[in-house]
Amino acid sequence: MSAYGLGVLPGTSLIDAADVVLSETGTFPHLPQLPARGLSSEAIGRTAGLLESVSVDRGPRSWIMTNRPQLSTRRIWDRLTQDLDECEQAWGTTLDHLKVQVTGPWTLAASVELASGHRVLTDRGAVRDLTDALIEGVNNHVRDVSTRFRARVSVQLDEPLLAAVNNGDLRGATDFNPLRPVNVRDLAERLAHVVDGLTADDVLLNQTGYAPLWDVARESGVTTVQVNPDLVTGTAQLDGFGHAVSGGLRVGLGITDTDDRIDELGERPRSKAVAVARFFDQLGLDRELLTTVVDVHPRSGIPEGTLVDAAHAYRMAVAVERMLVTDAGDL
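These numbers come from a predicted model, not from an experiment. (Residues numbered from 1 in each chain as written. Predicted model: local features only at pLDDT ≥ 70, side-chain atom pairs only at ≥ 80, totals over all residues. Heavy atoms only, no water.)

A. View of the overall build of the protein. From N to C terminus, the protein includes 11 helices and 9 strands. Against the globule reference of 20 Å for 331 residues, the protein gives a C-alpha radius of gyration of 20 Å, in line with a compact fold. Each of the three principal axes of the protein carries a C-alpha extent, and together these read 60 × 45 × 35 Å. Once the 31 positive and 46 negative side-chain charges of the protein are each reduced to a mean point, those two points are 4 Å apart. (Helix = DSSP H or I, 4+ residues; strand = E, 2+ residues; numbered from the N terminus. Rg over C-alpha atoms; globule rule 2.2 N^0.38 Å. Lys, Arg positive; Asp, Glu negative; His and termini not counted. Charge placed at Lys NZ, Arg CZ, Asp CG, Glu CD.)

See below:
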């Protein structure tokens, strides 16, 4: 069991963010993402900068695929290199385990456009090319990070648009070109292709922003699915959670916020730990699983507020994790 952050943090100082990450989640730090710095640091642009053999540029509405690297792409490369240099300055060169975050293939294909103005999602061949470029680029990134920090590297695939892709909720280029829903099997197969192609220590799937797609998580081959327990409601969702955990899928639970503060007697983290334990009781799951297949993290990335607020959310996650490890049977 571990406690960690999802990646996104407020502010524009990478060094300060790196200090917070290591000081509050030292056993499993992550590369900080600071979208407040602009296009080269927001999720799609940052991942686009990793792509191999596929170039993107910033268009009037979104990122678009291009034939060759553009100035915006080169700026992203420079920013990524600078970020790693600053993390190395803050952390040194010897870490045990480190997590990197990238946008997953479905959200990427839904967010990047073709030259025609249609989303990449509408073109099977373009989706395939984008996915393969993502795999190669992320593997290069993982090798660089692993070499720099002598660490095992985990990859977190952020898929904030996965449910929208599944439901067909995304708008097409015009009202006459609606985007069709993508079924669960196709979603899982594309993700499994990415997972199989990655050389990372393990792969996590971030589904914290919506009711989790449990079939996708189970069939994609990821080791961990990250969810917001507040959205795991109703019979289908609860059954999905129970089957996932019973089947060996690790679950990251988003249970802390930036307004969380640890009180002197530790009652606040204890109340969160009790809620998790009773949730497992409700599903008829053995509490011993809390120490083997459950992780704790903030409910989502933390793009706003201050780094102090983020540090409190991380600190609370660590406190809850420790209580679950030591007192799971007695909560």
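Alright, that's what it looks like, and here's the rest.
B. Geometry of the packing of aromatic side chains. This structure, assessed with the given rule, holds 5 aromatic pairs. Pairing Trp-214 with Phe-241 gives two aromatic rings, centres 5.6 Å apart and planes at 80°, and the pair type is edge-to-face. Highlighted residues: Trp-214 in helix α8 (residues 214–219) and Phe-241 in helix α9 (residues 235–246), separated in sequence by 27 residues. For the pair formed by Trp-214 and Phe-241, the shared burial category is buried. Centroid distance Phe-241 to Phe-279: 5.0 Å. Interplanar angle 75°. Geometry classified as edge-to-face. Of the two residues, Phe-241 is situated in helix α9 and Phe-279 in helix α10 (residues 267–282); the sequence distance between them amounts to 38 residues. Given a relative accessible area of 13%, Phe-279 falls into the buried group. Three or more aromatic residues joined by ring pairs form one cluster here, namely Trp-214, Phe-241, Phe-279 and Phe-280. (Phe/Tyr/Trp six-rings, centres within 6.5 Å; stacked < 30°, edge-to-face > 60°. Buried < 20%, exposed > 50% of the residue type's maximum accessible area, 1.4 Å probe, protein only.)

C. Region of the structure containing empty space enclosed by the protein. Following the criterion strictly, the structure yields 1 cavity of 30 Å³ or more and no others. Of the voids in this model, the largest cavity is the one considered here, and its volume is about 60 Å³. Of all elements in the fold, only α2 (43–48) and β3 (97–103) reach the threshold of two or more residues within the lining of the largest cavity. It is β3 that provides the largest number of residues to the lining of the largest cavity, a total of 3 residues. Taken together, the residues that form the lining of the largest cavity break down as 6 nonpolar, 4 polar and 1 charged. (1 Å grid on protein atoms, 1.4 Å probe; cavity = no way out; pocket = protein on both sides within 12 Å on 5 of 7 lines; lining within 4 Å. Points joined across faces, edges and corners; volume = space filled by probe spheres on them. Nonpolar A, V, L, I, M, F, W, Y, C, P; charged D, E, K, R; others polar.)

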